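Next come the chains, spelled out residue by residue.
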Amino acid sequence: SDSAVDPNAEVLCPICFDNVKVKETTALSCGHKFCGTCWKGFCEEKVKSGNSCVSAICMYHKCTAKVPRGTFEKFLSEDAEGRALLRKYDEYSNSDYVDKNKALIWCPA
């Protein structure tokens, strides 16, 4: 079989340089694959760094693919700290939506 589609084939994570099985990597729409450990650290640090997490992009150098909420959910749902960060992500996301939508305003109450 073609090793490019073999889920047990190993690829190099371009962040930590570990060899990981293809099935243990996650890629965005751009196709750049990273290991779960690097994704988890990335998602945690992005949310901890503030509201810019809602416009986070792929870790690959110069790639502009947006990291969707589902990726944050996948890597921040494993423990209580992660779930708290995911709630924070959602707060940032809601704020970002209201701030960017001219038809909406924050309730002054």
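Overview of the structure. (Residues numbered from 1 in each chain as written. Predicted model: local features only at pLDDT ≥ 70, side-chain atom pairs only at ≥ 80, totals over all residues. Heavy atoms only, no water.)

## A word on the overall build of the chain
Put simply, the test is: Secondary structure follows DSSP: runs of H or I at least 4 residues long count as helices, runs of E at least 2 residues long count as strands, and numbering of each begins at the N terminus. This radius of gyration counts C-alpha atoms alone. The globule rule is 2.2 Å times how many residues there are, raised to the power 0.38. Note on classification: 1.4 Å probe, protein chains only; a residue is buried when its accessible area is under 20% of the maximum for its type, exposed when over 50%, partly exposed between these limits. What sets the accessible areas is the Shrake-Rupley method with a 1.4 Å probe; for residues, cover comes only from the shown protein chains. Residues counted as positive are Lys and Arg, residues counted as negative are Asp and Glu, and His and the chain ends are not counted. Think of each charge as sitting on NZ of Lys, CZ of Arg, CG of Asp or CD of Glu.
Within the chain one finds 3 helices and 4 strands. The order of α-helices and β-strands along the chain, N terminus first, is β-β-β-β-α-α-α. Since a compact globule built from 109 residues should have a radius of gyration of about 13 Å, the 16 Å found for the chain marks it as more spread out than a globular shape. Across the 109 residues of the chain, 32% fall into the buried class. Carbon and sulfur atoms provide 53% of the accessible area of the chain, an area that totals close to 7,100 Å². Mean positive and mean negative side-chain charge positions of the chain (15 and 15 charges, respectively) differ by 5 Å.

## Things to note about the pattern of salt bridges
Going by this rule: We define a salt bridge as a side-chain nitrogen of Lys or Arg found within 4 Å of a carboxyl oxygen belonging to Asp or Glu.
Evaluation of the coordinates by the stated rule reveals 7 salt bridges. In this structure, the salt-bridge partner of Asp 79 is Lys 40, at a minimum N-O distance of 3.4 Å. In this pair, Asp 79 is assigned in the loop between α2 (69-76) and α3 (80-100) and Lys 40 in helix α1 (residues 36-48), connecting sequence segments 39 residues apart. Of the charged contacts, one joins Glu 91 and Lys 88 as a salt bridge, the two residues approaching to 3.4 Å between their closest N and O atoms.

## Observations regarding the environment of Met 59
Convention followed: Any pair of residues with heavy atoms lying within 4.5 Å of one another is described as a contacting pair.
By the secondary structure assignment, Met 59 is in the loop between α1 and α2. Sequence separation between Met 59 and Ser 95 is 36 residues; the distance between their C-alpha atoms is 24 Å. Aside from chain neighbours lying at most four places away, what touches Met 59 is Ile 15, Phe 34, Cys 38, Trp 39 and Phe 42.

## Some remarks on the packing of aromatic side chains
Using the following cut-off: Aromatic contacts are taken between Phe, Tyr and Trp rings whose centres are within 6.5 Å, Trp giving its six-membered ring; a plane angle under 30 degrees counts as stacked, one over 60 as edge-to-face, and the others as tilted.
Evaluation of the coordinates by the stated rule reveals 4 aromatic pairs. Between the aromatic rings of Phe 34 and Trp 39, the centroid separation amounts to 5.7 Å while the plane-to-plane angle is 85°, which identifies the pairing as edge-to-face. Classification of Phe 34 as buried rests on a relative accessible area of 0%. Relative accessible area serves as the criterion here: at 0%, Trp 39 is assigned to the buried category.

## Details of the side chain of Thr 25
This is how it is decided: Think of a polar contact as two N or O atoms within 3.5 Å of one another; within protein, one of them needs to be a possible hydrogen donor and the other a possible acceptor, and neighboring residues in sequence only count if both atoms come from side chains.
Looking at where Thr 25 falls in the secondary structure, it is placed in strand β3 (residues 25-27). Given a relative accessible area of 13%, Thr 25 falls into the buried group. At 2.6 Å, the side chain of Thr 25 forms a polar contact with the backbone oxygen of Val 22. Residue contacts for Thr 25: discarding those within four places in its chain leaves Val 11, Val 20, Lys 33 and Phe 34.

## Overview of the side chain of Thr 26
Among the structural elements, Thr 26 can be located in strand β3. Exposure remark for Thr 26: the relative accessible area of 11% places this residue in the buried category. With near-sequence residues (within four places) excluded, Thr 26 lies in contact with His 32, Lys 33, Phe 34, Trp 39, Lys 74 and Phe 75.

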